[in-house]
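These are the residues of each chain, in order.
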Amino acid sequence: MVSELINANPVVYKKKERRDRGARTVLDEYAAEPIDQLEIFDHIRDIKDPEHPYSLEELKVITEDAIDIDDQRSYVRVTFTPTVEHCSMATVIGLCLRVKLMRSLPSRYKVDIRVAPGSHATETAVNKQLNDKERVAAALENPNLVDMVDECLAPSYA
Amino acid sequence: MDGTPTIHYVIHIESYVSSSSSEAQQAASIDAIALLLKNDLLSLETLVREMEMYLTTTDNIIRSRGILLLGELLMRLMSKPLGDTAISSLMEFFTERLADWKALHGALVGCLALLRRKTGVGMISRSQAKAVAESYLKTLQVQSLGQHDRKLCLQILECLLDRYRDALFSLGDDLVYGICEAIDGEKDPQCLMLIFHIVELLAQLFPEASGPLENFAGDLFEILECYFPIHFTHPKSDDVDIKREELSRALMLAFASTPLFEPSVIPLLLDKLSSSLPSAKVESLKYLSFCTLKYGGDRMEKYTKSLWSALKDALFTSPQSTLSEDSDPIDGLGFHESEIMTQALEFLQVLVRQHNASFLSLIMGDGDISTFLNSFSQFDNFNSLSTQYKQRLHAVGHVLSVCIKASASSCNKVFESFFPRLVDALRLSVDNSHGIVHSAVDANFNFGALYLCVELLAACRQLVVSSDEVASAHDLARDSWCQILHSFSTSLCNVFFCLIRASCVESTRNAYVYAAVKGLEILATFPGSFISVSKLMYENILLTLTSIIESEFNKKFLWKAALKALVEISLFVNKYHEDEKAASFNSIVKQKIVSLISSDDLNMPQSLKLEAVFDIGLTGKNFMLSVVSELEKTISANLSEILVHGDRRLAGLTAGLLECYSNKVLPWFHVNGGADEVSLSFAVNIFTKMEHNTSLSLEAEGKELLGATMAAMKQAMTCCSVESQEKVLQKAIDVMETNSFFFSNNLILGTDLFNKKTQLGQTSEGLSCQDEWIISLFASVVIALRPQTQIPNIRLLLQLLAMTLLEGHIPSAQALGSLVNKLPLNISEDCSLKELIDMLLKNVLWRNISIGKEGNHGDAVAMSNLRSSSLNSHAVIGLAWIGKGLLMRGHEKLKDVTMTFLSCLVSNEDQGNLLPFNDQMKDPAELKVFSLRKSAADAFHIVMSDSDACLNRNYHAIVRPLYKQRFFNIMMPMFLSAIAKCDSSTSRCFLYQAFAHLVSETPLVAVVGDAKKVLPVLMDCFLILSKDISHKEIIYSVLIVLSGILTDKNGQETIIENAPMVIRRLIELTSYPYMMVIRETAIQCFGAMSELPHARIYPMRTQVLQAITKALDDPKRVVRLEAVKCRLAWASIASRSIHF
């Protein structure tokens, strides 16, 4: 593990208010509610940052607008912004995002995780690593990494 | 004394002193010894002698245990009388032991126990107390001890100061010094509570200024000072149950305990008041109010200037009052009072009361207030007012209000110096021509002046109301403020009228409207001798407000404000019994408002009309009575319009009135008395209306109106006494005899309506509209009857209701159920309830379920032949209500009814391949059978579920405790065996439906008790019922039962045993297409199951995860979210494999 924090003093933003989806009474029993941006955002907003006790939302690593989704074509792309350019945690954050979405979305989805353009020093490398199936699978064989990911995904909001 | 107890107690002593025995053993032994001592089986002297070795040994540990034992024993013997010698020698011993720091704890406990003894059981003497105190002061270093011992030390000190004051007095300086030393630097909250109290007691001991306290006051306060303001963030735990407020209050009492603290306290508080911490400000103000009162006016005199400036600071500059944007403002400016503001105003009031004239002159002479009041003209336009300005206005208003409320003389001063400026700003004039409303005044008034004016008026009114003595009231009337106000009242009224008129025409700021309405309200509610307004003006005010209610309902704010004002005025009139004003109020407001009920004006929404009527009506019974009579009149007039002339437009309105009658008026009378007469006259009135109408035809609108009328009738009947109910019942029967065709010809027992109709030449199905009304109303009466009410001609009535129920009239069925529930067991000499029920069941109902079973006398009917022309599923529904009535009172006849249902369900006649949900059943007879059996299944729902319409406590039903559990326990084995025996799929399906109804309405405790037997059947229910969309509600309710079993500890065991089956069924339900909540609940059940022992559920893990993974793609979001949670829970069982 790193002995020193990479970004020792991150800016913490206010959490967005949780939008209520309106009344729970179902008007039409058979109307489909497609998966949308907010739903994806709800899945990943509470993931904990690997080195701070804040959620990714609070650190503005992810925002609702940075999620592209097409339910018809079963495609979702999450673009995240590491807090500092040289953040070595970017891959871990990306891995957390991928794992969380893998667990939360139907298997028909293709998930694409990207670092926001210009926000990271080794952008292409990170993107490549995050979207390489075999490297992701290999990473998840590593018990240390899996522990770290699970800690970040531990539900902090009951 | 014999030897046995001796040996015993020695063992106990040894066990207590020994360090090897456990805490529980020690407690037990001390209890045992204490018991021996209490019952005089052992004398204290013997004990002490026996213990000598333990008390004097040089081994510190054993000695301290020994002394502690003695101390603890004394604690337990507090109420046992002891001899003087014993006490004095013990006291001497403990006093001496205080110097023994190695074994101190026991000595402290012993001292405290002896000090706390009450008179009558042997107290210690004064000289002994003094000796204790001296030894204490000489030898104890309190602050060097642990928390427990410190607390004991402080308790001893507190006890000494509290109960042995005379003994301590002579100690003087030494005592004060010793206390200072003992309490310096304490941090534990419990000890602090004691310390604050000790300081308070100390101050009481040396009250005079030149006592020993004087020398140490500075030091003592220095010790206390650092605790202010109390900042207490102790985490919650069981042993410390002290709250911040308690500490704060104790410290406040200590601060205020002696005037000697004054030179240090007030500067400290003033200093803290200027801090930026809001809580510090609030605390300072609170302490200041309290201390000011305690120290007295003379000592505080020198601070008044600095106090005023500090207060002004707190009031004017602190932006703590927040502007609320609600539409319903607390006051005209919409500020919510902050805590600081409230405390500051309270303090201001204390100061004004204490230093009357001198403090007032400070306020009067204050430059800021003067400048502010002179600057009115610069801020003429409300829209341009800044929040800061409004805040200042708010503060000034409050300061002046407080001054006025303080006393009459201060009120005079405020009026004399400030009112003229307001007068100028509002362009008021002294007007002698009372009551003339000027119309040509420009409505653009200065808001600041208007606001202050209303605030001053309100404060004056409060001053008058609070000084309720008549004599002082007369004095007040001669005061100058009163005269000033009197001379301007007309002019003020005009201003308010003018504003209101302006607001009716155009949209005015709410703040203006609020001020104007409030002003009028205050002027109208000045008590008698202060008639600031003439009678004419008063009536004008009422007229204006009433006309707002009548016509300005579109201006919501104005309307609400006016309504509130009228309510206040009405309350005032009722409270002060002013005849003249009451008369005007009655003639103007009451009439107009009450007439709103009957007004034909369709522009004004009915809900607003009723709101106005009731808000004012609630203020007095008189008013309410006239409301009721008007309401009743209108309802009956409308009903005759509708029923006789067929005017259908009124139906909706009348339904609204009826609803309001049953939901608002009757409950009000129920609480305030008089419900009986009101409801009696209402009920009789309605029936009279029925009497006079002969031909009635209403369609869709009629249903709603009938529903409302029935509800009102039921509500009215529940409020009636037994006698009134009998009267109404008689009236109803009379009406039926003349109007209903059932009564018009001889009613023959045992004939059904069909035959009767053919006799009369009627062929249509169902009841005629008129009959439906009459029967429905009659049924409503019957439903709400009290059990004691006598019912005339009961056979005939039962017959009648039975006939109408066969026509599908549900209220009749409910009425029958209510009757069998409430009738006494022996109605008269020749007629018992059992007999009546037999007649009812045999002659009327079973004929319609199964004809051709003549041999059956009063027993359940077997379904030998269902293909009968007179099959009637209405009969089954009626039977269900009757069954419910019987069940609730626990009558044996219930058995026959339920057996009939069961035999309907299990018919051996069907072929086994006739699926109920296929459409190929063309044969109408078959269809009829099918619907009959369906009704029989649903009957269990009726029998078990609670109904709002009848048979509940509200309608005086007889309810046996635990009747549902009982029924469940009887029925369950029957169902289980029936299901086991049944070999036709259709019958099975019906049986499962009925069983599902039964289980889902039974309290969960009962179901869990039988979970072992019930669970397999429930699983089959899922399997069989989930094939048909029409059963989705039933499935859902069974699923709820399952989830209930899952959350119960005993239930879980059953689930574990049947885990594979339960999981299989739940997996099917996670993809149940017809109802979202079923899928959701099924997944939630899985979530709950993931907590079960892993060994049992692990084998099913793969299947469950597959099902949940499918649910991740559910069309509904809620289901997906549940699936994500549940999936995590199951995936983490035994492995953290994330590949699922």
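Thresholds, definitions, all that
Residues numbered from 1 in each chain as written. Chains lettered and ligands numbered in written order. Predicted model: local features only at pLDDT ≥ 70, side-chain atom pairs only at ≥ 80, totals over all residues. Heavy atoms only, no water. Helix = DSSP H or I, 4+ residues; strand = E, 2+ residues; numbered from the N terminus. Buried < 20%, exposed > 50% of the residue type's maximum accessible area, 1.4 Å probe, protein only. Contact = heavy atoms within 4.5 Å. Areas by Shrake-Rupley, 256 points an atom, 1.4 Å probe, with all protein chains shown as cover. Pairing = 2+ DSSP bridges. Axes fitted to C-alpha atoms, helices over the stretch in contact; angles between N-to-C directions. Disulfide = S-S within 2.5 Å. Core = buried A, V, L, I, M, F, W, Y, C linked by side-chain atoms within 4.5 Å. Domains from an automatic or database assignment. pLDDT = per-residue confidence, 0-100. Right-handed = clockwise from strand over helix to strand, strands pointing away. Parallel < 35°, antiparallel > 145°, perpendicular 65-115°, else oblique. Left-handed = near helix turned anticlockwise from the far one by under 90°. Nonpolar A, V, L, I, M, F, W, Y, C, P; charged D, E, K, R; others polar. Expected span 1.5 Å × (residues − 1). Patch = residues over 30% accessible without salt bridge, like charges linked within 9 Å, V, L, I, M, F, W, Y side chains within 5 Å. Salt bridge = Lys/Arg side-chain N within 4 Å of Asp/Glu carboxyl O. Lys, Arg positive; Asp, Glu negative; His and termini not counted. Charge placed at Lys NZ, Arg CZ, Asp CG, Glu CD.

Novice: What is the right way to look at the overall build of chain A in this model?
Specialist: Looking only at helices and strands, chain A has five helices and three strands in total. The order of α-helices and β-strands along chain A, N terminus first, is α-β-β-α-β-α-α-α. Per-residue burial for chain A yields a buried fraction of 44% across its 158 residues. A fraction of 68% describes how many contacts in chain A between residues 6 or more apart in sequence connect residues 24 or more apart. Accessible area of chain A: about 9,000 Å², with a carbon and sulfur share of 51%.

Novice: Please explain the overall build of chain B as it appears in this structure.
Specialist: The number of helices and strands found in chain B is 55 helices and four strands. The proportion of buried residues among the 1140 residues of chain B is 55%. The contacts in chain B between residues at least 6 apart in sequence include a share of 76% that link residues at least 24 apart.

Novice: Would you mind showing me how to read the sheet that holds strand E3 (residues 110-115) of chain A here?
Specialist: Whether parallel or antiparallel, the strands of a sheet pair through hydrogen bonds between backbone atoms. Residue and element names in this part refer to chain A. In spatial order, the strands read E1-E2-E3; together these three strands make up an open sheet with mixed pairing. Edge strands, defined here as strands with exactly one partner in the open sheet, are strand E1 (67-70) and E3. Shown here is a sheet whose adjacent strand axes are inclined to one another by a mean of 10 degrees, direction ignored. Note: E1 against strand E2 (residues 75-80), four bridges, orientation antiparallel. Bridge pairing links Ile67 to Val78 in E2. The sheet contacts of helix H1 (residues 37-44) involve E1 and E2, and relative to E1 the element is tilted by about 125 degrees. The strands that helix H2 (residues 90-104) touches are E2 and E3; relative to E3, the one it contacts most, it runs at about 160 degrees.

Novice: Whenever I open this one, the state of the cysteines confuses me. Can you help?
Specialist: Disulfide: a covalent bond connecting the sulfur atoms of a pair of cysteines. Throughout the structure, instances matching the rule amount to zero disulfides over all chains. Residue Cys460(B) stays outside any disulfide, its sulfur separated by 4.1 Å from that of Cys411(B), the closest cysteine.

Novice: How should I be thinking about the nonpolar core in this particular structure?
Specialist: Generally speaking, a soluble globular protein has its nonpolar side chains buried in company with each other. All names here are of chain B. Core analysis: the biggest nonpolar cluster contains 399 residues, and Phe196 and Trp1130 have the highest contact counts within it. The greatest single-element share of this core, amounting to 13 residues, is contributed by helix H23 (residues 447-466). Looking at this core, you find at least three residues from each of domain 1 (3-232 + 241-246) and domain 2 (1019-1140).

Novice: Explanation requested: the confidence of the model for chain A in the structure shown.
Specialist: A low pLDDT means the predicted coordinates there should not be read in detail. Looking at chain A, the pLDDT average stands at 84 and 89% of residues meet or exceed 70. At the low end of the mean pLDDT range in chain A sits helix H5 (residues 143-153) of chain A, at 87; at the high end sits E2(A), at 94.

Novice: Looking at this structure, I do not really get the pairing of E2(A). What am I missing?
Specialist: Look at any regular strand and the pattern is simple: side chains alternate between the two faces of the sheet. Residue and element names in this part refer to chain A. Where E2 and E3 come together, six bridges link them in parallel fashion. For Thr79, the partnering residue across the bridge sits in E3 and is Arg114. This β-α-β element, E2 to H2 to E3, shows right-handed connectivity.

Novice: Help me understand the environment of Lys60(A) in this model?
Specialist: Residues and elements named next belong to chain A. Residue placement: Lys60 occurs in the loop between H1 and E1. Sequence-wise, Lys60 and Pro82 are 22 residues apart; in three dimensions their C-alpha atoms are separated by 8.5 Å. In this view, Lys60 contacts Tyr13 and Thr81; residues no more than four positions away in its chain are not counted.

Novice: Looking at this model, I keep getting lost on the packing of helix H48 (residues 1011-1025) of chain B against helix H51 (residues 1059-1069) of chain B. Mind explaining?
Specialist: All names here are of chain B. In contact at an axis separation of 10 Å, H48 and H51 are set at 25 degrees when each is read in the N-to-C sense. Between H48 and H51, the interaxial angle falls into the category roughly parallel. Helix-helix and strand crossings are classified by hand; for H48 and H51 the assignment is left-handed. Contacts between H48 and H51 involve Leu1015, Pro1016, Met1019, Phe1022 and Leu1023 from the former and Met1061, Val1062, Arg1065, Glu1068 and Leu1069 from the latter. Here the residues of the contact of H48 with H51 are counted per class, giving eight nonpolar, no polar and two charged.

Novice: Would you mind going over H48(B) with me for this structure?
Specialist: An α-helical turn contains 3.6 residues, so any two residues separated by three or four positions project in the same direction. Compared with the 21 Å implied by 1.5 Å per residue over 15 residues, the 20 Å span of H48(B) between its first and last C-alpha is a close match. Inspection of H48(B) places Ala1011(B), Val1014(B), Leu1015(B), Val1017(B), Leu1018(B), Met1019(B), Cys1021(B), Phe1022(B) and Leu1025(B) among the buried residues, and these make up the whole buried set.

Novice: Could you clarify how one ought to interpret a negative patch on the surface in this entry?
Specialist: Residue and element names in this part refer to chain B. Where like charges cluster on the molecular surface, the negative patch consists of Glu181, Asp184, Asp219, Glu222 and Glu225. Of all the elements, helix H12 (residues 212-225) adds the most residues to the negative patch, at three residues. As for its placement among the helices and strands, Asp184 is situated in the loop between helix H10 (173-183) and helix H11 (189-205). Taking the relative accessible area as the measure of exposure, Asp184 reaches 46% and is therefore partly exposed.

Novice: Looking at this structure, I do not really get the pattern of salt bridges. What am I missing?
Specialist: Opposite charge on two side chains lets them pair, provided their charged atoms get close. Residues and elements named next belong to chain B. Tallied over the entire structure, the rule returns 33 salt bridges over all chains. Of the charged contacts, one joins Glu45 and Arg49 as a salt bridge, the two residues approaching to 2.7 Å between their closest N and O atoms. With Glu45 and Arg49 both in helix H3 (residues 44-56) and four residues apart, this pair spans about one turn of that helix. Accessibility assignment for this pair places Glu45 and Arg49 in one class, exposed. Two residues, Lys893 and Asp896, come together in a salt bridge whose shortest N-O distance is 3.3 Å. By relative accessible area, which is 8% here, Lys893 ends up buried.

Novice: Just checking my understanding: could you explain the environment of Pro117(A) for this structure?
Specialist: With respect to the helices and strands, Pro117(A) occurs in the loop between E3 and helix H3 (123-130). Once residues lying within four places of it in the same chain are set aside, the contact partners of Pro117(A) are Thr79(A) and Glu123(A).

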